[in-house]
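Read off the chains here:
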Amino acid sequence: MDRTSTEPPVHTWLDDGHALIAGSLFVALGLTMFAHAGLLTGGVAGVAFLASYISGLSLALCFFAFSLPFFLLSWQRLGREFTLKSLLAVSLVSACTALAPRVVRFEFLNPWVAAVLGGFLVGFGLLALLRHQASVGGVNIVAQWLQQTKGLSAGKIQMSVDVLVVLAALFTVPPVRVLQSVVGAVAIGAILTLNHKPGRYLGV
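All of the points below concern the structure found in this document.

Each value, and the rule that gives it
Residues numbered from 1 in each chain as written. Predicted model: local features only at pLDDT ≥ 70, side-chain atom pairs only at ≥ 80, totals over all residues. Heavy atoms only, no water. Helix = DSSP H or I, 4+ residues; strand = E, 2+ residues; numbered from the N terminus. Rg over C-alpha atoms; globule rule 2.2 N^0.38 Å. Buried < 20%, exposed > 50% of the residue type's maximum accessible area, 1.4 Å probe, protein only. Disulfide = S-S within 2.5 Å. Salt bridge = Lys/Arg side-chain N within 4 Å of Asp/Glu carboxyl O. Axes fitted to C-alpha atoms, helices over the stretch in contact; angles between N-to-C directions. Parallel < 35°, antiparallel > 145°, perpendicular 65-115°, else oblique. Contact = heavy atoms within 4.5 Å. Nonpolar A, V, L, I, M, F, W, Y, C, P; charged D, E, K, R; others polar. Patch = residues over 30% accessible without salt bridge, like charges linked within 9 Å, V, L, I, M, F, W, Y side chains within 5 Å. Areas by Shrake-Rupley, 256 points an atom, 1.4 Å probe, with all protein chains shown as cover.

A word on the overall build of the protein chain. For the protein chain, the count of helices and strands is 9 helices and 0 strands. Sequence-ordered secondary structure for the protein chain, helices as α and strands as β, is α-α-α-α-α-α-α-α-α. For the protein chain, whose C-alpha radius of gyration is 17 Å, the value lies close to the compact-globule estimate of 17 Å for 204 residues. Overall size of the protein chain, expressed as C-alpha extent along the three principal axes, is 60 × 30 × 30 Å. Every one of the 204 residues in the protein chain was classed for burial, and the buried ones make up 48%.

Applying the stated criterion across every chain yields a total of 0 disulfides. Left unpaired, Cys62 is separated from the closest cysteine sulfur, that of Cys96, by 17 Å. Relative accessible area serves as the criterion here: at 22%, Cys96 is assigned to the partly exposed category.

Counted according to the given criterion, the structure contains 2 salt bridges. The closest approach of N and O atoms between Asp16 and Lys85, which form a salt bridge, is 3.0 Å. Of this pair, Asp16 sits in helix H1 (residues 13–37) while Lys85 sits in helix H5 (residues 80–103), and the two are 69 residues apart along the sequence. The pair Asp16 / Lys85 is uniform in exposure class, with both members buried.

Here we come to the packing of helix H4 (residues 70–78) against H5. H5 packs onto H4 with a crossing angle of 150° between their chain directions and a minimal axis gap of 7 Å. The angle between the axes of H4 and H5 places the two elements in the roughly antiparallel class. Mapping the contact onto sequence places Phe71, Ser74, Trp75 and Leu78 in H4 and Arg80, Phe82, Thr83, Leu84, Ser86, Leu87 and Val90 in H5. The residue makeup of the contact of H4 with H5, split by class, is 7 nonpolar, 3 polar and 1 charged.

On the surface, a cluster of nonpolar side chains totalling about 510 Å² of accessible area is made up of Ile21, Leu25, Phe26, Val116, Phe120 and Phe124. Elements represented by at least two residues in the nonpolar patch include exactly H1 and helix H6 (111–130). Here Leu25 shows up in helix H1. Since its relative accessible area comes to 44%, Leu25 is described here as partly exposed.

Our next topic: the packing of helix H8 (residues 154–167) against helix H9 (residues 175–195). Where H8 contacts H9, the axes come no closer than 8 Å and their chain directions differ by 170°. As judged from the angle between their axes, H8 and H9 are roughly antiparallel. Residues Gly155, Lys156, Gln158, Met159, Asp162, Val163, Val166 and Leu167 of H8 touch H9, and the partners they reach there are Val178, Ser181, Val182, Ala185, Val186, Ile188, Gly189, Ala190, Leu192 and Thr193. Broken down by class, the residue content of the contact of H8 with H9 amounts to 11 nonpolar, 5 polar and 2 charged.

By themselves these figures say nothing about function.
If you want it as C-alpha cells, here you go:
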C-alpha cells in the first residue's frame, strides 16, 4: 500500500528554520507597528505592552520575561521540540522588536491601518510558527495545547483572550486606542481561525 498519500510530509530542519525566522520577523514587525501607533494587543504580548507603557521598560524585555513561565506547560504538555522551537521564536521576536526602532521608521502610520495591517502580520507570523510546531509563548501555547487535546479552535481561543486583555486596558489608554486595538486583535484571530484548523494542514 502506498503510504505517501496518507502520511503528512515531514518538515526538514531547513523548512523549520525558514518558518521560525520568517514567522518571528512578521510578528516583530506587527508588534512594532502596534507600538508605534500606541496600540495594544492581547495575551502575554498585551500584558507586555501595558507594562512597557506604564514602566517605560523595553517592550522586548517585558515580552520575553512574561513569556517564560508558560514554557513549563509547553514542556510538560507539548513536548521538548515544541518548547525549544517556541523559546527560539520568543527570543527572535524579542531581539527583532528591540532592534526594529533602529532599522524601521514610520514617518506616518495611521492607527487604523496599523491595527489591521499589523494584526495581519502578527497573525500570519503566528500561523507560520504554529504550522512548524512553535509559538511565541503565553496564550499561544495554551491555545495550541487546547486545540491538540480538546479539538478547540486555537484561533478563536486566541481572539477571545486577546479581546478581553485589550478591553481591560480601558483604564490605561484612551477608548479610541482600545477600539483600534480590538480591531488588531480581531485581525490576528481571524487569520488563525480561518487558516489554522485541525486536519487542514498536513505538514508536521
